[in-house]
Amino acid sequence: MIVVTGATGNVGQPLVRALVKAGEQVTAVSRGISARDMPTGVRHHQADLAEPESLAPALDGADALFLLTSGDFVSAGGSVSDVLDVARAGGIRRVVLLSSQGVATGSHPSTLEEPVTESGLEWTLLRPGGFDSNTLQWAEMVRAQRTVGAPFADVALPTIDPADIAEVAAAALRDAGHVGRTYELTGPAPVSPRQQAMAIADALGEPVRFVEQSRAEARAQMLQFMPEPVVEATLGILGTPKAAEQRVSPDVEQVLGRPPRTFAQWAARNIAAFK
C-alpha cells in the first residue's frame, strides 16, 4: 500500500493514477478529499499534515509515503519530523519527498529535507523547478480577456509538467533502486512567460496578448496565496535566476527513459482550462 498526500493537487492526482495503473494499492490523502476526486476503488482519507495524528488512520497496511507539504503547512508551523514520527509508527518504511530545486541552489532552505534524510527511513528527494501548471493562474484572464499578465516576460526557466514529476515519484515509491537518491526535475528546455503565453495561444488557435507586470504587482498578487518568504524566494528565481536554476537536468529522462514533456504539450493537454 502506498499513501499519497496532496492527492488532489497537480502532482498528486496524476501520481495516484500512475500508481493505480501500475497495479498498486493506494490511499489518497488531502484535507478536502472525497470519493469523486479519485479513480474508482481508491481508498481516500481526509487529513491535515499540520495535525500529524490525523494522518495515522491512512497508514494502515502501508509501507511507502509520498510526502507533499503546502504553503499552509509551513505557515501553520507544521513539523515534518512530527509527520515522519507518525509515519514510522504506522509502519512506513519508504518516503518520497516533493522538495524544490531551490534547496540545491540556496534559494530555499533545507528545513523540509533534513528531517527526511535523518529519519532512518528509506528516502528519495525530488527537487522540481517551476511547474507548467503554475500558468493556470492565467486561466481566468485568458478566458475573459485573451490576456496574460506576468512579470519577467523574457526570463526563461525549464519548467516541468507535473505529470512528469508524478511519474518519477511513482518510480521512486515502487523501486528500491531510487533509495538515497536526489533528483532535480526540469522540463526539456527553458521557456519564458511570453513564450508560454504564445504556446497557450497556439493551443487555443486565437491570439493572446501579453502584459508584463512589475515585480511589485506580481508580489501583491502572489501574497494572496503564498507566505511572504516563499514569495520573495520565488520572485528571485523568476526574475534573476541563478545559472543552476536555468540549467536543464537529465534526471527525468534517466528515470523514465524518455525526455520530459514540453510546455506546449502541457498547454495542449490542459487547454480546456483557458477556453
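Our subject is the structure listed above.
Residues numbered from 1 in each chain as written. Predicted model: local features only at pLDDT ≥ 70, side-chain atom pairs only at ≥ 80, totals over all residues. Heavy atoms only, no water.

### Considerations on the overall build of the protein
The condition is simple: Note on conventions: DSSP H or I runs of at least 4 residues are helices, E runs of at least 2 residues are strands, and numbering of each starts at the N terminus. The atom set for the radius of gyration is the C-alpha atoms, and the globule formula is 2.2 Å times the number of residues raised to the power 0.38. Relative accessibility thresholds used throughout: buried, under 20% of the residue-type maximum; exposed, over 50%; partly exposed, between the two (1.4 Å probe, protein chains only). Only heavy atoms matter for contacts: two residues are in contact if any of them lie within 4.5 Å across the pair.
What the protein contains, in helices and strands, is 13 helices and 9 strands. The C-alpha atoms of the protein give a radius of gyration of 18 Å, which matches the 19 Å a tight globule of 275 residues would have. Residue burial in the protein is summarised as follows: out of 275 residues, 49% are buried. In the protein, of all internal contacts separated by at least 6 residues, the share reaching a separation of at least 24 is 74%.

### Digging into helix α10 (residues 228-239)
Here is the rule: One less than the number of residues in a helix, times 1.5 Å, gives the span that helix is expected to have.
Here α10 is 12 residues long and its end C-alpha atoms lie 16 Å apart, about the 16 Å a rise of 1.5 Å per residue gives. Here α10 has its buried residues at Val231, Ala233, Thr234, Leu235, Ile237 and Gly239. In the core, the buried residues of α10 are packed alongside α9 (215-222) and α11 (243-246).

### Describing unusual backbone geometry
Phi at arginine 146 is positive, roughly 50°, even though this residue is not glycine. For arginine 146, the location among the structural elements is in the loop between α6 (139-145) and β7 (147-151).

### Considerations on the side chain of serine 99
Worth spelling out the cut-off: Whenever two N or O atoms come within 3.5 Å, that pair is a polar contact, provided that in protein one can donate a hydrogen and the other can accept it, and provided that, for residues adjacent in sequence, both atoms are side-chain atoms.
Within the fold, serine 99 resides in the loop between β5 (94-98) and α4 (101-105). Side chain to side chain, serine 99 and glutamate 113 meet in a polar contact 2.6 Å long. Not counting chain neighbours up to four residues away, the residues in contact with serine 99 comprise Glu113, Leu126, Arg127 and Pro128.

### A closer look at the nonpolar core
For the record, the criterion: Nonpolar cores were defined as sets of buried Ala, Val, Leu, Ile, Met, Phe, Trp, Tyr and Cys residues, with membership established by side-chain atoms within 4.5 Å.
Counting 30 residues, the largest nonpolar core has Val4, Leu15, Phe66 and Leu126 as its most contacted members. The element best represented in this core is helix α7 (residues 162-174), accounting for 7 residues. The contacts of leucine 15, once residues within four sequence positions are left out, are Val4, Phe66, Ala166, Ala169, Ala170 and Leu173.

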